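The residues making up each chain are set out below.
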Amino acid sequence: EPEVTQTPSHQVTQMGQEVILRCVPISNHLYFYWYRQILGQKVEFLVSFYNNEISEKSEIFDDQFSVERPDGSNFTLKIRSTKLEDSAMYFCASSGLASRGDTQYFGPGTRLTVL
Amino acid sequence: EDQVTQSPEALRLQEGESSSLNCSYTVSGLRGLFWYRQDPGKGPEFLFTLYSAGEEKEKERLKATLTKKESFLHITAPKPEDSATYLCAVHNSGGYQKVTFGTGTKLQVIP
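Quick summary incoming for the structure in this document. Here the residue index of a chain counts from 1 through its sequence in written order. Chains carry letters and ligands carry numbers; both start at the beginning, A for chains and 1 for ligands, and go up in the order they are written. Only residues with pLDDT of at least 70 get local features here, since the model is predicted, and only at 80 or more are side-chain atom pairs given and counted; chain-wide, interface and lining totals rely on the full set of residues. Derived side-chain values reflect all non-hydrogen atoms in the structure, with water molecules and hydrogen atoms excluded from consideration.

Quick notes on the environment of Pro2 of chain A
Logical step 1: If you trace the backbone, Pro2 of chain A turns up in the segment before β1 (5-7).
Logical step 2: Sequence separation between Pro2 of chain A and Tyr35 of chain A is 33 residues; the distance between their C-alpha atoms is 20 Å. We count a stretch as a helix when DSSP gives it H or I for four or more residues in a row; a strand needs E for two or more, and each element gets its number in order from the N terminus.

Rendered as C-alpha cells:
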C-alpha cells in the first residue's frame, strides 16, 4: 500500500541553525502538506502546496519557514533559523485532490529537537 | 474559525467493554470529517472519512457516525491493541485545504 515517507526520523539541532525536513508523498497525489505537533498538543496545520506553489498557510508559517518540491518525488520543509519553540513532531501529508474532503495521508513524522 | 472538541480526554476500558468517543465540531460548511488513530511518537493513521449527516462507516471493531454537530467513534469489544489516541479532524468547505484537528481521546484497553 502506498505511503508517505519522511526523513530523518529524528533531527537534533542548535538554536539558530537551519534544518531541512524531507518527505516523499504518495506518488499520484497532487496536494502536499506540512503539519506540526508540539508534545502533548494537537496537530496544527502549517502549509499546503499545489502545482508548485503554496496554496494556503497558517499564522505559524512565517518567513522562517519555506517549502519546496525540488524534483518529482520529494517535498521539503526548511526552517531557516531554528528557535527552541520549533521543537515538535513535523508531519508531512498528501492527498489526491482537495475537493470533497479528500483524505490526507500522513507520514510517520520527524521529531525536531532544538537545543 | 473551525473548532473541534473531543471527549473524553482519556478513556480506560476493560477488554471487551464497548464504548463511544465523541467529536463535536463547528464549521461554516463541512467538506469532510476524518478519524485518525495515532500511536505514541507516530503519525496519524487514517481510519474513516465521513461527508454528510447520517453517514456511517465500519472497520473491524470500529464504527464512525456523523450528525450535523458531532461524530461518534464506537468501539465494540475492544482489544488491548486498540489502545491509542483517536483524533478527529474537519475539512472546511470554504475553499481551504487545511484540516483542523481536535486534541484527541487517549484510549487504554486493559486485558
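Some details on the interface of chain A and chain B
Logical step 1: Facing 24 residues of chain A, the contacting portion of chain B comprises 21 residues.
Logical step 2: Summed over both partners, buried area is the accessible surface (1.4 Å probe) that two parts give up on being assembled. Buried surface at the junction of chain A and chain B, both sides included, amounts to about 1,800 Å², of which 56% is carbon and sulfur.
Logical step 3: By definition, a salt bridge exists where a carboxyl oxygen of Asp or Glu is found within 4 Å of a side-chain nitrogen of Lys or Arg. Scanning the region where chain A abuts chain B turns up zero salt bridges.
Logical step 4: Within 3.5 Å is the distance limit for a polar contact, defined as a pair of N or O atoms, with the added protein rule that one can donate a hydrogen and the other accept it, and that residues adjacent in sequence qualify only through two side-chain atoms. On inspection of chain A and its partner chain B, the count reaches five residue pairs in polar contact (both at pLDDT 80 or more).
Logical step 5: The set of elements that each furnish at least two residues to the side of chain A that touches chain B consists of β4 (31-37), β5 (44-50), β6 (53-57), β9 (88-95) and β10 (105-106) of chain A.
Logical step 6: Ranked by residue count, the leading element in the side of chain A that touches chain B is β4 of chain A, at four residues.
Logical step 7: Of the residues contributing to the side of chain A that touches chain B, the split by class is 11 nonpolar, eight polar and five charged. Residue contacts follow a heavy-atom distance rule, with two residues in contact if any of their heavy atoms lie within 4.5 Å. Classes in brief: Ala, Val, Leu, Ile, Met, Phe, Trp, Tyr, Cys and Pro nonpolar; Asp, Glu, Lys and Arg charged; the others, Gly included, polar.

Concerning the sheet that holds strand β7 (residues 65-68) of chain A
Residue and element names in this part refer to chain A.
Logical step 1: Read across the open sheet, the four strands follow the order β1-β3-β8-β7; overall the sheet is antiparallel. Of all the strands in the sheet, just β1 and β7 have a single pairing partner and so form its edges. For this sheet, the mean angle separating the axes of adjacent strands, direction not counted, is 20°.
Logical step 2: Bridge analysis of strand β3 (residues 19-24) against strand β8 (residues 75-79) gives five bridges, and the strand direction is antiparallel. Looking at the pairing, Arg22 lines up with Thr76 of β8. When DSSP finds at least two bridges between two strands, those strands are taken to pair. For every element, the axis is a line fit to its C-alpha atoms; helices are fit only across the contacting stretch, and the angle between N-to-C directions ranges from 0 to 180 degrees.

Observations concerning the pairing of strand β11 (residues 110-114) of chain A
Residues and elements named next belong to chain A.
Logical step 1: Summary of the burial criterion: residues with accessible area below 20% of their type's maximum are buried, those above 50% are exposed, and those between are partly exposed, where the area comes from a 1.4 Å probe applied to protein chains only. Burial along β11 is one-sided: Thr110, Leu112 and Val114 are buried, while Arg111 and Thr113, pointing the other way, are not.
Logical step 2: Looking at chain direction, strand β2 (residues 10-13) and β11 are connected through four bridges and run parallel. If you follow Thr13 over to β11, its bridge partner there is Val114.
Logical step 3: Of the strand pairs in this sheet, β9 and β11 are connected by three bridges, and their pairing is antiparallel. For Ala88, the partnering residue across the bridge sits in β11 and is Leu112.

Overview of the nonpolar core
Logical step 1: By convention a nonpolar core is built from buried Ala, Val, Leu, Ile, Met, Phe, Trp, Tyr and Cys residues, the set being connected through side-chain atoms within 4.5 Å. Ranked by internal contacts, the top residues of the largest apolar core, which has 23 residues, are Leu33, Trp35, Leu73 and Tyr86 of chain B.
Logical step 2: When residues of this core are traced back to their parent elements, those giving at least two are β2 (10-14), β3 (19-26), β4 (30-38), β5 (45-50), β7 (62-66), β8 (70-75), β9 (84-92) and β11 (105-110) of chain B.
Logical step 3: Apart from residues no more than four positions distant in its own chain, Tyr86 of chain B is found in contact with Gln6, Leu21, Trp35, Tyr36, Arg37, Leu47, Leu62, Leu73, Gly104, Thr105 and Leu107 of chain B.
Logical step 4: Ranked by size, the runner-up nonpolar core spans 21 residues in total, among them Ile26, Trp34, Leu46 and Phe61 of chain A.

Overview of the sheet that holds β8 of chain B
Residues and elements named next belong to chain B.
Logical step 1: Read from one edge to the other, the open sheet built from five strands follows the order β1-β3-β8-β7-β6, with strand pairing classed as antiparallel. Only two strands of the sheet have a single neighbouring strand rather than two, namely β1 (3-7) and β6 (56-59). Within the sheet, the average angular offset between the axes of one strand and its neighbour, ignoring direction, is 15°.
Logical step 2: As paired elements, β6 and β7 share four bridges and run antiparallel to each other. Pairing of Lys59 across the sheet is with Leu62, part of β7.

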